[in-house]
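Overview (structure and organization)
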Amino acid sequence: MENLIPKELLMKFGIDESMAFVVLISLIVISLFILIVVVASSMRVKFYKDKLTNINIDNQDKVNQIISLQQSLDVYQSKNNQLEESLEKFEHTKNALFKTKEELKKLELAYQDLKSLQDTTARKLENLKNMYEELVFEHNTLISRFDKLQEDNNKLQVNNTRLLRKLEQK
């Protein structure tokens, strides 16, 4: 201790050696305490600095992931919009097809009705043709009969006229 602090200095302040030794140990303890506090604080600062760096890295990763997810979401929303448009077109086409099928059924029923009407009309026409042919044949028969009767009538008239002239001449 004598080597550490000169005796004149101790005398000047009126401190004996044992007291100087206590003061020196106190200074060393306080210095160690301050050193421990500084080291602990610097370790805490380093710990929080590392933690902040890790948090920044995590935040950057999360931002990148959010950006990636946002891009994926945009792609899915675009695909969803396209699919919704396709679905609307499909619905429109489906409704048009349904209406067309309904119209086709109505047309088929109308076609069936017209087909049966045509068949009925064709049968009636065939019957009428047959009746017409029979009537034409009967008409021709009657005309020829009429002609014969007319001829016979003319002959009879001529005969009657001749007979009347003979009677008159007599």
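Since the structure is predicted, the reported quantities are computational estimates derived from the model, not experimental observations.

Cut-offs used in this document
- Residues numbered from 1 in each chain as written.
- Predicted model: local features only at pLDDT ≥ 70, side-chain atom pairs only at ≥ 80, totals over all residues.
- Heavy atoms only, no water.
- Helix = DSSP H or I, 4+ residues; strand = E, 2+ residues; numbered from the N terminus.
- Rg over C-alpha atoms; globule rule 2.2 N^0.38 Å.
- Buried < 20%, exposed > 50% of the residue type's maximum accessible area, 1.4 Å probe, protein only.
- Areas by Shrake-Rupley, 256 points an atom, 1.4 Å probe, with all protein chains shown as cover.
- Lys, Arg positive; Asp, Glu negative; His and termini not counted.
- Charge placed at Lys NZ, Arg CZ, Asp CG, Glu CD.
- Phe/Tyr/Trp six-rings, centres within 6.5 Å; stacked < 30°, edge-to-face > 60°.
- Salt bridge = Lys/Arg side-chain N within 4 Å of Asp/Glu carboxyl O.

Before going further, it helps to spend a moment on the overall build of the chain. When helices and strands are counted, the chain shows two helices and zero strands. Computed over C-alpha atoms, the radius of gyration of the chain comes to 68 Å, more than 25% over the 15 Å expected from 2.2 N^0.38 for 170 residues, which places it beyond the range of a compact globule. For the chain, the C-alpha atoms occupy an extent of roughly 220 × 20 × 15 Å along the three principal directions. Of all 170 residues assigned to the chain, the portion counted as buried reaches 2%. Summed over all atoms, the accessible surface of the chain reaches about 16,200 Å², with 62% contributed by carbon and sulfur. With 25 positive and 25 negative side-chain charges, the chain shows a separation of 11 Å between the mean positions of the two kinds.

With that settled, the discussion passes to the packing of aromatic side chains. Taken as a whole and assessed by the stated rule, the structure comprises one aromatic pair. When the centroid spacing of 5.3 Å and the interplanar angle of 65° are considered together, the rings of F47 and Y48 count as edge-to-face. On the accessibility criterion, F47 (49% relative accessible area) is partly exposed. With relative accessibility at 46%, the residue Y48 sits in the partly exposed group.

Inspection of the entire model under this criterion finds one salt bridge. For K46, the salt bridge goes to D50, with nearest N and O atoms at 3.2 Å. Separated by four residues within a single helix, K46 and D50 lie in helix 2 (residues 17–169), roughly one turn from each other.

Everything listed here is a matter of geometry and, on its own, says nothing about what the molecule does.
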